[in-house]
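Secondary and tertiary structure notes
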Amino acid sequence: MADSYSHSEASCTANTNSIEKSSRQSGSCSNEHAVVVDLTRRQMIDKEGSVSPLKRKEEDDYASDLYQLDTKRIQTENRHKYARETINADSELWETLTALSEESRTAGVIPRLGPQFRNLSRKGTTAAAYLCSPYTDHIGTGIMDLGWGCGYRNCQMLMTFLQRKQEAGDYLLRQVADIGGLQLLLERAWREGFDQQGAKQLDHHVYKTHKWIGTTEVYCMLVYLGIRCTILDFHRPSGPNNQHDGMFDWIQSYFESGALDSTSSISSSSSHTSSTQCPTPKQNEEEIVHITDRPPLYLQHSGHSRTVIGIELLKDGKRNLIMFDPGRRMLRSYRSSITGPDDDTAVSSANSDADSVDESQKPHQESQRSFSRLLSTWKPRGGLPANLLRPFRVDAKAIAKNNQYQVLALGEVQDLRASGGGLFWNGDKGFLLDEIEREAMKNVTSVEAQR
């Protein structure tokens, strides 16, 4: 069409110029010649089968208007449709992903850290401790993924929270996949256009390999599943002695604000707690240990990642991050001490390699009730080892060994620094992405936390 139009236009122009030249030579400037010129142009264009520019523009504008209206309609529909609905309806996906076995998960760890911190407070060490939601399980690396599986294990720990957390009338995540399942999930996200730069770096293939993954791959998998998350870059030390004071400040604010939110909501929600919900410990202003509703944080540095489950404030002004490290084994005496009398499925070795059991055969509601019974019936036992917290506490000096860190937070982190504010976790935004948001987040982005 374009070639035909150009050819006819050129021919028409040549003939028109000839007519106009003849008119000027004869000295005629009448309107008759102008009409001839116009008719000649139209006849030659119609003869070639082309559409006049005016008519073509009208049709293009009409088609454009229809497209814009249709796009707005789809956007309006998708704006109110969570991506989770599409993902959960994808039976092929969930048949492909094998669930992580219960034997690989240790539930109920976080509430059991409380007595240890209170002990330290009585000894004059701990001023306060802020911990994440008890929905979070501990998952350690096994023999088969030792040395390369930390990224997957930390991703799974985030997913244990998502599996138990509800929003818009349903759980955020259907199940926690095993490592093979996460690898298939990542490749599937790549095939659908997510994080193409990361896919290229890993040759578009991770299944049945020992390739390491990091923050961007975890982000990619979560967004593919319709989960909102934010990456914060702490690309240099911000304190003396190579310490990351700015990162500690943000993490402290993140968990402290969760304690305030939890305290304000306890009185209104305690009478409505269902059997499938995790009971929140009673807290008051004098409480040393604050168990919040905040999700855990994914912390990445060069060569390793860990899951931040809280922060400890010491009476001498120093701070410790409280972390689940997949590469550090939990004390055997501690694992055996958390077995509750009403549960024999949710508690097991954190270092088991049994990743092949299909958890989908177990009713989801029963799993939630089992977890709730475990937390509600457990009582502190005497004789726990004094060094129980050793695998979990990491001080600022240890963190200073690495110059750069990335933090992945579930949910949205608002950047209000341009208006004099800071970086704040926005719980009001929720965890679920709609279809438009999910599409816009296909390319991994991050927030520079230090300017």
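Owing to the predicted nature of the structure, the values given are computational and were not obtained by experimental measurement. (Residues numbered from 1 in each chain as written. Predicted model: local features only at pLDDT ≥ 70, side-chain atom pairs only at ≥ 80, totals over all residues. Heavy atoms only, no water.)

1. Brief notes about the overall build of the protein chain
Along its length, the protein chain carries 15 helices and 13 strands. In the protein chain, the proportion of contacts linking residues at least 24 apart, taken out of those at least 6 apart, comes to 78%. Carbon and sulfur atoms make up 49% of the accessible area of the protein chain, which amounts to about 22400 Å² in all. (Helix = DSSP H or I, 4+ residues; strand = E, 2+ residues; numbered from the N terminus. Contact = heavy atoms within 4.5 Å. Areas by Shrake-Rupley, 256 points an atom, 1.4 Å probe, with all protein chains shown as cover.)

2. What about the pattern of salt bridges?
Following the criterion strictly, the structure yields 13 salt bridges and no others. Arg-188 is paired through a salt bridge with Glu-192; the nearest N and O atoms lie 3.8 Å apart. Residue Asp-415 pairs with Arg-417 through a salt bridge whose shortest N-O separation is 2.8 Å. (Salt bridge = Lys/Arg side-chain N within 4 Å of Asp/Glu carboxyl O.)

3. What about unusual backbone geometry?
Phi at Asp-195 takes a positive value of approximately 45°, unusual for a residue other than glycine. Summarising the element assignment, Asp-195 is placed in the loop between helix H8 (179-191) and helix H9 (196-201). When its relative accessible area of 7% is taken as the criterion, Asp-195 is described as buried. (Buried < 20%, exposed > 50% of the residue type's maximum accessible area, 1.4 Å probe, protein only.)

4. Focus on helix H10 (residues 215-224)
With nine of its ten residues buried, H10 lies for the most part within the structure. For H10, every residue scored as buried is listed here: Thr-215, Glu-217, Val-218, Tyr-219, Cys-220, Met-221, Leu-222, Val-223 and Tyr-224. Backbone geometry just downstream of H10 places Gly-226 in the positive-phi region, at approximately 85°.

5. Describing the confidence of the model for the protein chain
In the predicted model, the protein chain carries a mean pLDDT of 78, and the fraction of residues at 70 or more is 63%. Here residues 1-51 is modelled with pLDDT under 50, and outside its nearest four sequence neighbours on either side it reaches 26 contacts, counting other chains as well. Low pLDDT, under 50, characterises residues 264-285; the stretch is placed with 29 contacts to residues that sit more than four places away or in other chains. (pLDDT = per-residue confidence, 0-100.)

6. Some remarks on the packing of helix H7 (residues 150-164) against H8
What describes two packed helices is the angle between their axes and the distance between those same axes. Across the interface, H7 lies against H8 with an axial gap of 10 Å and an inter-helix angle of 90°. On the basis of the axis angle, H7 is roughly perpendicular to H8. The segment H7 lies against H8, with Tyr-152, Arg-153, Cys-155, Gln-156 and Met-159 engaging Ile-179, Leu-182 and Gln-183. For the contact of H7 with H8, a count of residues per class yields five nonpolar, two polar and one charged. (Axes fitted to C-alpha atoms, helices over the stretch in contact; angles between N-to-C directions. Parallel < 35°, antiparallel > 145°, perpendicular 65-115°, else oblique. Nonpolar A, V, L, I, M, F, W, Y, C, P; charged D, E, K, R; others polar.)

7. Considering the packing of aromatic side chains
As enumerated under the stated definition, the model contains nine aromatic pairs in all. Look at Tyr-254 and Phe-255: their rings are 4.9 Å apart centre to centre, the planes differ by 80°, and that puts the pair in the edge-to-face class. Using a relative accessible area of 0% as the deciding quantity, one classes Phe-255 as buried. Aromatic rings pair up to connect Tyr-135, Phe-161, Trp-250, Tyr-254, Phe-255, Trp-425 and Phe-431 into one cluster. Here the guanidinium or amino end of Arg-294 rests over the ring plane of Tyr-254, the centre of that ring lying 5.7 Å away. The positively charged end of Arg-438 is found above the aromatic ring belonging to Tyr-224, 4.8 Å away from the centroid. (Phe/Tyr/Trp six-rings, centres within 6.5 Å; stacked < 30°, edge-to-face > 60°. Lys NZ or Arg CZ within 6 Å of the ring centre and 35° of its normal.)

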